[in-house]
Amino acid sequence: GISEYAAPGIPSLKCAAKDAQQVAEYLRSQPDIDFSGDRVSVLPDGQATLRGILGGLDRLRTQCTLSTDADPLAVVYFSGHGMPDPAGRHFLVPHD
């Protein structure tokens, strides 16, 4: 979750980092699904750089690939700004 952005032109968000942490805590509290240990990652503010986000997605892909579950479950939650490009495609905005 990104509440504070590095670029001065991107306004801060009041609760984005806190929201991401609360979603992680909720997932970890679920008794029927194993979201323990390193199965849940939170990247608050300065950790949610483009490199940090891509690294997290790569770790998630590896975990799903190596999973012994027939149908592994993956959850990606983003709390922060989004922005369109000139072609009208929408993108998530990393911290940096």
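Right above here is the structure, for reference.
Please read these numbers as outputs of a predicted model, since none were measured by experiment.

A.B. asks: So what's going on with the overall build of the protein? Residues and values would help.
C.D. replies: Tallying secondary structure elements over the protein gives two helices and two strands in all. Sequence-ordered secondary structure for the protein, helices as α and strands as β, is α-α-β-β. C-alpha atoms of the protein, sized along the principal axes, occupy 45 × 30 × 20 Å. Every one of the 96 residues in the protein was classed for burial, and the buried ones make up 23%. Taking the contacts inside the protein whose residues are at least 6 apart along the sequence as the reference set, 53% of them involve residues at least 24 apart. As presented, the protein carries roughly 6900 Å² of accessible surface, and 56% of it is formed by carbon and sulfur atoms.

A.B. asks: Mind laying out the pattern of salt bridges, listing which residues take part and the relevant values?
C.D. replies: Tallied over the entire structure, the rule returns three salt bridges. For Asp34, the salt bridge goes to Arg39, with nearest N and O atoms at 3.5 Å. What makes Asp34 partly exposed here is its relative accessible area of 43%. Of the charged contacts in the structure, one is a salt bridge between Arg61 and Asp58, with a shortest N-O distance of 2.2 Å. Of the two residues, Arg61 and Asp58 both sit in helix 2 (residues 50-66), three residues apart, roughly one turn of that helix.

Rules of the game
Residues numbered from 1 in each chain as written. Predicted model: local features only at pLDDT ≥ 70, side-chain atom pairs only at ≥ 80, totals over all residues. Heavy atoms only, no water. Helix = DSSP H or I, 4+ residues; strand = E, 2+ residues; numbered from the N terminus. Buried < 20%, exposed > 50% of the residue type's maximum accessible area, 1.4 Å probe, protein only. Contact = heavy atoms within 4.5 Å. Areas by Shrake-Rupley, 256 points an atom, 1.4 Å probe, with all protein chains shown as cover. Salt bridge = Lys/Arg side-chain N within 4 Å of Asp/Glu carboxyl O.

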